Amino acid sequence: SLRSMKEPITLFGEGHLEKVKRLMKLERQRETDIDKGQRHDLQEILATLDEKEEKEGGGGEGDSKEQVNWLEMEPTCDEEKAYFWIKGILQQWERELSARPEEERRRRQGKIATATFHQTKKYLRPLMKLLKKRSVTKDLLDPIIRIVENCQQREYVRANDAYLEMAIGNAPWPIGVTMVGIHERSAREKIFSNQVAHVLNDEVQRKYIQSLKRLMTFCQEHFPTLPSKSVR
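Parameters and conventions
Position numbers for residues start from 1 in each chain and track the written sequence from start to end. In keeping with the predicted nature of the model, local features appear solely for residues at pLDDT of at least 70, side-chain atom pairs appear and are counted solely at 80 or more, and the whole-chain, interface and lining totals rest on all residues. To obtain the side-chain values, all non-hydrogen atoms of the structure were used and water was disregarded. Salt bridges, as used here, are contacts in which a Lys or Arg side-chain nitrogen is within 4 Å of a carboxyl oxygen on Asp or Glu. Going along the chain from the N terminus, every DSSP run of H or I of four or more residues is numbered as a helix, and every run of E of two or more is numbered as a strand. Each patch is built from residues that are more than 30% exposed by relative accessible area and take part in no salt bridge. Like charges join if they lie within 9 Å; nonpolar side chains (Val, Leu, Ile, Met, Phe, Trp, Tyr) join within 5 Å. Computed by Shrake-Rupley with a 1.4 Å probe, the accessible areas treat only the displayed protein chains as cover when residues are assessed. Under the convention used here, Asp and Glu are negative, Lys and Arg are positive, and both His and the chain ends fall outside the count. Positions of charges follow a simple convention, taking NZ of Lys, CZ of Arg, CG of Asp or CD of Glu. Summary of the burial criterion: residues with accessible area below 20% of their type's maximum are buried, those above 50% are exposed, and those between are partly exposed, where the area comes from a 1.4 Å probe applied to protein chains only. To qualify as a nonpolar core, a set must consist of buried Ala, Val, Leu, Ile, Met, Phe, Trp, Tyr and Cys residues joined through side-chain atoms within 4.5 Å. Between two residues, a contact is recorded if the distance between any of their heavy atoms is within 4.5 Å. Between 30 and 60 degrees the pair is tilted, below 30 it is stacked and above 60 it is edge-to-face, where a pair is any two Phe, Tyr or Trp rings, Trp via its six-membered ring, whose centres lie within 6.5 Å.

**Some points on the pattern of salt bridges**
A side chain with one charge can pair with a side chain of the opposite charge if their charged atoms come near.
Argument step 1. Evaluated as defined, the whole model comprises nine salt bridges.
Argument step 2. Between Arg134 and Glu80 there is a salt bridge, with the nearest N and O atoms lying 3.5 Å from each other. Of this pair, Arg134 sits in the loop between α4 (108–133) and α5 (138–152) while Glu80 sits in helix α2 (residues 78–98), placing them 54 residues apart in sequence.

**Observations concerning a positive patch on the surface**
Argument step 1. Positive charge collects at one region of the surface, where Lys121, Arg125, Lys129 and Lys133 lie side by side.
Argument step 2. Here Lys133 shows up in helix α4.
Argument step 3. Looking at Lys133, the relative accessible area reads 65%, which means it is exposed.

**Focus: unusual backbone geometry**
Argument step 1. Located in the positive-phi region is Arg134, a residue other than glycine, with phi close to 55°.
Argument step 2. Note on Arg134: relative accessible area 48%, which makes it partly exposed.
Argument step 3. Positive phi, normally seen in glycine, also occurs at Arg154, with a value near 60°.
Argument step 4. Summarising the element assignment, Arg154 is placed in the loop between α5 and α6 (156–168).

**With respect to the nonpolar core**
Argument step 1. Within the largest apolar cluster, 36 residues are counted, with the highest numbers of intra-cluster contacts made by Trp85, Ile86, Leu127, Leu131, Leu212 and Leu215.
Argument step 2. Looking at this core, the elements with two or more residues in it are α2, α4, α5, α6 and α8 (203–222).
Argument step 3. Of all the elements, α2 adds the most residues to this core, at nine residues.
Argument step 4. Apart from residues no more than four positions distant in its own chain, Leu212 is found in contact with Trp85, Ile86, Leu124, Leu127, Ile144 and Met166.

**Quick look at the packing of aromatic side chains**
Argument step 1. Enumeration according to the criterion identifies five aromatic pairs in this entry.
Argument step 2. Arranged with centres 6.3 Å apart and planes meeting at 70°, the rings of Tyr83 and Phe84 form a pair that is edge-to-face. Each of the two residues, Tyr83 as well as Phe84, counts as buried.
Argument step 3. Judged by centre distance (5.3 Å) and plane angle (75°), the ring pair of Trp93 and Phe117 falls under edge-to-face. Residue Trp93 is found in helix α2, and its partner Phe117 is found in helix α4; the two are separated by 24 residues along the sequence. Across the pair, Phe117 and Trp93 agree in class, each one buried.
Argument step 4. Through a chain of ring-to-ring contacts, the aromatic side chains of Trp70, Tyr83 and Phe84 assemble into a single cluster.

Structure representation (structure tokens):
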């Protein structure tokens, strides 16, 4: 919403249609800036990996030292269910990268694949800390659990629906227009909390939500199902 972006709710002489157009323009600009930032971040990771490779004289990622199979762990709560699944998918992804031939690892695309994994792992750290502390808000935890459970059942279309609800929100554009009174604001924010796009809230949250999408894509590619249950 315009309020979450710290923009004026209504400009002088601005109608509803102009307000919607202004919001969409601001969001496109914000997405462009974020994409540039993520590409820069990926380049930094690539540079770090190249430097590490030069010092070690090759050898790639090496095998993961983790002996625990996170996907087989039995959770005792929703936070553990999400935590174990994320750790498990990252573990599978890392093992697959480590199993590549040396020649494939050294190619440009191979290095980008490695850097993308490290970037995803980095972006997910804040979420993992929240899950460990059991301090993820319910309106964020619920769709994450639906993503996890549907991916486990190979229901990727349903998992994607949960992701879109979390990332984009399910409210119509006019949602902010009804918030006109200062005394109404607190109650209305509670009512619509699950309708506001979490991905717009802050940069850290945006990154780990988008990283969950990467894990969903990895799952679909490596644990395939019927075409009708897959996201194209």
